[in-house]
Amino acid sequence: MKSQGPFYGRSVSVVHDLTADEQWYLYRKTAEIKAAVLEGRDLTAYRYGDRDLSVYLIFLEDSTRTKESFRNAAAFHQASVNVFDAAHSSFNKKESLTDTLKMLVGYSRRSVFIIRSTVEGVTRALEVTIGDYCRKAGIEPPSFLNAGDGRHEHPSQEFLDEFSFLEKKGWNRSSLHIALTGDLYFGRTVHSKADGLQIFNQVTVDLVAPPELGLPDFYKQKMLDNGFTVRTFPSIDAYLAQGEVADVWYFTRLQLERMGDEVLDKVARLKHAVTVRPEHLDKLPAGTKFYHPLPQNRTEPTIPDFVTPLPLNGWDEQSRNGYFTRITLIGMVAGCLGLDFKGELKTVTESGDDFVEQGRINPHGKSSEYKTGIKPVDDGIVIDHIGMGRSVEQIWKLLDKIRRNLQLNYLASMGVFSSVKSDVVKGLISIPDLPDLGFKKVKKLAALSPGCTLNIVHGKQVIQKYRLHMPPKIYNFAEIGCRNENCISHSRQHEGISPEFERRGEGFVCRFCERPHTYDDIWTD
Ligand code: CP
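Residues numbered from 1 in each chain as written. Predicted model: local features only at pLDDT ≥ 70, side-chain atom pairs only at ≥ 80, totals over all residues. Heavy atoms only, no water.

Visitor: Which parts of the structure should I look at to understand unusual backbone geometry?
Guide: For residues other than glycine, phi is negative in most cases, and the peptide bonds are mostly trans. Of note, the amide linkage connecting Leu-294 to Pro-295 takes the cis form, showing an omega dihedral of 5 degrees. Here Pro-295 is to be found in the loop between β9 (289–291) and α12 (315–334). Even without being a glycine, Asn-476 presents a positive backbone phi close to 70 degrees. Tracing the backbone through its elements, the reader meets Asn-476 in the loop between β16 (473–475) and α15 (492–495). (Helix = DSSP H or I, 4+ residues; strand = E, 2+ residues; numbered from the N terminus.)

What follows is the structure, encoded as structure tokens:
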């Protein structure tokens, strides 16, 4: 079956790339496909069924389940399947991923790239760079599916996890009480839960891990923002000692290979805190299931072997569900599934220019009000209220940064002054004979100095006044950088990616790895 459903050409870098309705469609369609496969029914209606679809498995980090389930899911669709790994491809000759993919997109009419990497934000970055390349070259842009990037996200694992929880709950979405235990710090499958669990209406998350393995604050806050009740316990013992215990447990492996020496010294205690022991079992509610994304540590599993034959074992079926959910995911982005979708489709919202606010002009206001220690302006521009609330030293640095970034290499004046109306100090730049700054520079100015005002002066009168607010995106500056060393934006020489930040709430997140930043964090200088 070949058709072009509404998900055709989409990429999934994070769980949130599918709306709640789209995720629900994925789960229901997966249930349909799973039943059809297990009952041996005709599968034509679910298959792409043509080798003009190329599925590339690019695994730059080890994988067994994700790689093999995606490989088999692609074979289900009768696609042409290509496997690249770091050891047997020109990545070994230091070819960039972007260059490799530019070549591959030219080899087939429809491509889906499934990428696992230790570097965070790779699929989002490729969606941008390869997408742009394809549009210019007249090639159909491919889809990218994130198969796990560093400690960021693992969305296809999240989809199979949620599918497994829904099966356990008999498809009742009203509520879920889940205990997350193990390595919540490095476990990307846990991080994806901050969004994925939203498929349930009421969610209680119990975080069961010692502080060294605790969930990063960013994900905990995301859970709270998403309306989850979140509780924290330092060990399984402490958790079971209180009355309200979840009937869904999600374990993760301790990622000792990523931990620093200061944590490695404490390994025995950390393992003990999150490993199941026989005496725990009779404290669990009836019908409890244990889940684990696997692999488990062979010698010291957090779910020891004695649990495997018990009805608690939910992880074997969970692992099998990886095949079915990935059949659906590939089918959706390849376009053969989705024609029966009803609900809210993901839309891309373009950020507006609401960061430029027209200010009120005082009809009697003269440009001479800007004469304090600075050349009065008859015609030109005056940038006022720069860095209000900062120290004198910080404002001087900011003035210099504005001058360099906006290339204000004119006969001009600038300085740091006390505000007329308060004790607060502020920076001021006046540039005679410059009629305006132009939109690009205004945007840069807003990013560099949110809260400043831009005055256009003509015939000694302020004829236009703008107050600049924090813009929705900050990009295109040499002096910005993501604080996450593991982010793809640091390989700009190799991948053609420049740092970019999007406003989220009071702060910003990196467009690629989603690491949260304060405004000041964004700037490297
Ligand atoms: N769950 C998971 O991602 O397993 P692999 O590392 O084997 O793909």
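Visitor: What am I meant to see in the packing of helix α2 (residues 65–76) against α12 here?
Guide: Packed helices, taken two at a time, are described by their axes: the angle between them and the distance between them. Following both chains from N to C, one finds α2 and α12 inclined at 50 degrees, their axes separated by 8 Å at the closest point. On the basis of the axis angle, α2 is oblique to α12. Note on packing geometry: the crossing formed by α2 with α12 is right-handed. Every residue of α12 that contacts α2 at Arg-65, Thr-66, Ser-69, Phe-70, Asn-72, Ala-73, Ala-74 and Phe-76 is listed here: Ser-319, Gly-322, Tyr-323, Arg-326, Ile-327, Leu-329 and Ile-330. (Axes fitted to C-alpha atoms, helices over the stretch in contact; angles between N-to-C directions. Parallel < 35°, antiparallel > 145°, perpendicular 65-115°, else oblique. Left-handed = near helix turned anticlockwise from the far one by under 90°. Contact = heavy atoms within 4.5 Å.)

Visitor: I'm lost on the side chain of Lys-465 in this one. Help?
Guide: Inspection of the secondary structure assignment puts Lys-465 in strand β15 (residues 461–468). At 2.9 Å, the side chain of Lys-465 and the side chain of Asn-455 are in polar contact. (Polar contact = N/O pair within 3.5 Å; in protein donor to acceptor, adjacent residues only side chain to side chain.)

Visitor: What is the right way to read the packing of aromatic side chains from this model?
Guide: How two aromatic rings sit relative to each other is set out by the distance from centre to centre and by the angle between their planes. This structure, assessed with the given rule, holds 21 aromatic pairs. Relative to Tyr-291, the ring of Phe-165 has its centre 5.1 Å away and its plane inclined at 75 degrees; by these criteria the two rings are edge-to-face. One end of the pair, Phe-165, is in helix α5 (residues 155–168); the other, Tyr-291, is in strand β9, with 126 residues separating them in the sequence. Comparing Phe-165 with Tyr-291 shows no difference in burial state: the two are buried. Through a chain of ring-to-ring contacts, three or more aromatic side chains come together here, namely Phe-233, Tyr-239, Trp-249, Phe-251 and Phe-290. Across from the ring centre of Tyr-8, 4.6 Å away, lies the NZ or CZ of Arg-110, which sits over that ring. (Phe/Tyr/Trp six-rings, centres within 6.5 Å; stacked < 30°, edge-to-face > 60°. Buried < 20%, exposed > 50% of the residue type's maximum accessible area, 1.4 Å probe, protein only. Lys NZ or Arg CZ within 6 Å of the ring centre and 35° of its normal.)

Visitor: Explanation requested: the state of the cysteines in the structure shown.
Guide: When the sulfur atoms of two cysteines share a covalent bond, that bond is a disulfide. On inspection of all chains with the given rule, the structure shows zero disulfides. Here Cys-513 stays free of any disulfide, with the sulfur of Cys-482 as its closest cysteine sulfur at 3.6 Å. Among the residues examined, Cys-513 registers a relative accessible area of 3% and is labelled buried. (Disulfide = S-S within 2.5 Å.)

Visitor: Which parts of the structure should I look at to understand the sheet that holds strand β13 (residues 425–432)?
Guide: Either a parallel or an antiparallel arrangement is found when strands of a sheet pair, and the pairing is made through backbone hydrogen bonds. Pairing is antiparallel across the open sheet formed by six strands, whose spatial order is β10-β15-β14-β11-β13-β12. Here the strands that pair on one side only, and so sit at the sheet edges, are β10 (356–358) and β12 (413–418). On average, each strand axis in the sheet is tilted by 25 degrees relative to the strand beside it, whichever way the strands run. One ladder, built from five bridges, connects strand β11 (residues 380–386) with β13; its direction is antiparallel. Along β13, the bridge assignment pairs Gly-380 with Pro-432. Seen against the sheet, helix α13 (residues 392–405) touches β11, β12 and β13 and runs at an angle of roughly 155 degrees to β12. Seen against the sheet, helix α14 (residues 439–448) touches β10, β11, β14 (453–458) and β15 and runs at an angle of roughly 55 degrees to β15. (Pairing = 2+ DSSP bridges.)

Visitor: Looking at this model, I keep getting lost on the site of the ligand. Mind explaining?
Guide: Looking at the ligand, the residues that line it are Ser-63, Thr-64, Arg-65, Thr-66, Arg-116, His-154, Gln-157, Pro-293 and Leu-294. The contact in question runs from an oxygen atom of the ligand to an N or O atom on the side chain of Thr-66, over 2.6 Å. Interatomic distance of 2.9 Å between a side-chain N/O atom of His-154 and an oxygen atom of the ligand. Protein coverage of the free-state accessible area of the ligand, which is 260 Å², stands at 91%. Residues of the shell around the ligand, tallied by class, amount to two nonpolar, five polar and two charged. (Near = heavy atom within 4 Å. Areas by Shrake-Rupley, 256 points an atom, 1.4 Å probe, with all protein chains shown as cover. Nonpolar A, V, L, I, M, F, W, Y, C, P; charged D, E, K, R; others polar.)

Visitor: Where do I start with helix α11 (residues 267–274) in this structure?
Guide: Given 3.6 residues per helical turn, the α-helix brings residues three or four places apart onto the same face. Along α11, the residues classified as buried are Val-267, Leu-270, Lys-271, Ala-273 and Val-274. Projection of α11 onto a plane perpendicular to its axis shows the buried side chains occupying an angular sector of 160 degrees, all on one side. Buried residues along α11 sit against β5 (175–181), β6 (202–208), α9 (236–240), β8 (248–251) and α10 (261–264). (Arc of directions from axis to C-beta.)

Visitor: Explain the pattern of salt bridges here, please?
Guide: A side chain with one charge may pair with a side chain of the opposite charge, provided their charged atoms come close. Scanning the model with the defined rule gives 30 salt bridges in all. Close ionic contact of Arg-135 with Asp-132 constitutes a salt bridge, the shortest N to O distance being 3.5 Å. Residue Arg-135 and its partner Asp-132 are located together in helix α4 (residues 122–137), separated by three residues, close to a single helical turn. Within this structure, Lys-34, Glu-167, Glu-317 and Arg-320 form a network of salt bridges that share partners. (Salt bridge = Lys/Arg side-chain N within 4 Å of Asp/Glu carboxyl O.)

Visitor: Looking at this structure, I do not really get α13. What am I missing?
Guide: With 14 residues, α13 should cover 20 Å at 1.5 Å per step; its first-to-last C-alpha distance of 20 Å lies within 8% of that length. In this structure, the buried residues of α13 make contact with β11, β12, β13 and α14. Gln-407 occupies a position one or two residues after α13 and carries a positive phi of about 50 degrees. (Expected span 1.5 Å × (residues − 1).)

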